[in-house]
Amino acid sequence: METSTEKKIAAFTHLSTFSQYIIPFGNYIFPIILWTSKKDESEFVDHNGKQVLNFQLSILVYSLVLAMIAIPVFLYTVLKNISFNDLVHNEDIIFEHFDYGNSIGLLTIGALALLVFAGIKVAEFFLIIYASVKASNGEEYNYPLTIPFLK
C-alpha cells in the first residue's frame, strides 16, 4: 500500500513534464530530480519515475524521426525550384513557376509527418494527465507505445 506522500510525489513526477512549456528540457530535468530523490525509498515512485522518463525519451525519438522525414522533404521541395546561382547571388529570391504538381507526393509525406507529430503532442498532454490521476490514486500506469530505456 502506497502512502499519501508517495502518491503525491508520483503524480507530481508525471505533472512535472509540463515544465517543458516553460523551461527547455524541463520535461527531463524535473522528473529526474523527483525520481532520483525518492526512487530508493519507494517502488511506486521508482516505477512512475521510470515510466515518465521512458515516455518522454520515446516522444523525443518519435519527434526526431518525424523531423528527419519532414524537414528534408520540405527543403527539397522548395530548393529544387531555385537555381543555385539565384540562391548565392540574389538577396531577394522570387519563386517563379513553382510546380506543386511534381512534388505533391513528397509534400503529402511531409504534411503527414507534421500531422502525426501534432497528434503525438496532443496525446502526450492527455496521457500525462491520465497517468498523474492514476498515480494519485495509487495505481501503476504504463504509457502506451513507450520504448523501455530504463528498466
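Now for a look at the structure at hand. Every value quoted in this text rests on a predicted model; they were computed, and no experiment measured them. (Residues numbered from 1 in each chain as written. Predicted model: local features only at pLDDT ≥ 70, side-chain atom pairs only at ≥ 80, totals over all residues. Heavy atoms only, no water.)

**A short note on the packing of aromatic side chains**
One pass over the structure, following the stated rule, counts seven aromatic pairs. Seen in terms of ring centroids, Phe18 and Phe125 are 5.1 Å apart; in terms of plane orientation they differ by 50°. Their pairing is tilted. With Phe18 in the loop between helix H1 (4-15) and helix H2 (26-38) and Phe125 in helix H5 (residues 104-136), this pair connects stretches of sequence that are 107 residues apart. Ring-pair connections join several aromatic residues into one group, and the members of that group are Phe18, Tyr21, Phe125 and Phe126. The ring of Trp35 carries Lys39 above its face, with NZ or CZ at 4.7 Å from the centroid. (Phe/Tyr/Trp six-rings, centres within 6.5 Å; stacked < 30°, edge-to-face > 60°. Helix = DSSP H or I, 4+ residues; strand = E, 2+ residues; numbered from the N terminus. Lys NZ or Arg CZ within 6 Å of the ring centre and 35° of its normal.)

**Here we look at the nonpolar core**
Nonpolar side chains in soluble globular proteins tend to end up buried together. By size, the foremost hydrophobic cluster in this structure holds 13 residues, and its most contacted members are Phe55, Leu127, Ile128, Tyr141 and Tyr143. Going through the elements one at a time, helix H3 (43-79) and H5 are the ones with two or more residues in this core. Not counting residues within four places of it along the chain, the set of residues in contact with Phe55 comprises Glu124, Leu127, Ile128, Tyr143, Pro144 and Thr146. (Core = buried A, V, L, I, M, F, W, Y, C linked by side-chain atoms within 4.5 Å. Buried < 20%, exposed > 50% of the residue type's maximum accessible area, 1.4 Å probe, protein only. Contact = heavy atoms within 4.5 Å.)

**As for the pattern of salt bridges**
Using the criterion set out here, one finds four salt bridges in the structure. Notably, a salt bridge pairs Lys50 with Asp46, separated by 3.4 Å at the nearest N-O pair. Of this pair, Lys50 and Asp46 both sit in helix H3, four residues apart, which is roughly one turn of the helix. For the pair Lys50 and Asp46, a shared accessibility class is recorded, and that class is buried. (Salt bridge = Lys/Arg side-chain N within 4 Å of Asp/Glu carboxyl O.)

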